[in-house]
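# Reading the structure
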Amino acid sequence: QVQLVESGGGLVQPGGSLRLSCAASGSMFTIDTMGWYRQAPGKQRELVADITSGGSTYADSVKGRCTISGDNAKNTVYLQMNSLKPEDTAVYYCHADGSRYFRRFDTWGQGTQVTVSS
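Please read these numbers as outputs of a predicted model, since none were measured by experiment. (Residues numbered from 1 in each chain as written. Predicted model: local features only at pLDDT ≥ 70, side-chain atom pairs only at ≥ 80, totals over all residues. Heavy atoms only, no water.)

This part covers the state of the cysteines. Across all of its chains, the model carries 1 disulfide by this definition. Here Cys-22 pairs with Cys-94 through a disulfide, and the sulfurs are 2.0 Å apart. Between Cys-22 and Cys-94 the sulfur-sulfur dihedral comes to about -85 degrees; the bridge is accordingly left-handed. Placement of the pair is Cys-22 in strand 3 (residues 18–25) and Cys-94 in strand 9 (residues 90–100), with a sequence separation of 72 residues. Of the two residues, Cys-22 and Cys-94, neither departs from the other in class, the shared state being buried. Cys-94 provides the cysteine sulfur closest to Cys-66, a residue in no disulfide bond, and the two sulfurs are 14 Å apart. Residue Cys-66 is classed as buried on the basis of its relative accessible area, which comes to 7%. (Disulfide = S-S within 2.5 Å. Helix = DSSP H or I, 4+ residues; strand = E, 2+ residues; numbered from the N terminus. Buried < 20%, exposed > 50% of the residue type's maximum accessible area, 1.4 Å probe, protein only.)

Here's what the structure looks like:
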């Protein structure tokens, strides 16, 4: 089983920054895609950004403010969020897919709260 552990959420003032981290653990797995989604109260979960060996994708709402990066040796992905806005308030979920023992997996972290408020 591949598990994801997130960290880095919290309360920040508008215009501030946060860095989210997500580490994947388990045995005999390879990751194809890691990314971050978010879900605000009353809204559907949406992609924030993801990264593969071929590059990264960002939601239009965060382009220019967020940067996703990965450390393959640590099976960890980071999301640097700058110029945060109140509308960025949500639970942020890490997601990963890949293969383990030649079978596909698709897994989520438990989520970390990000609150942008003065």
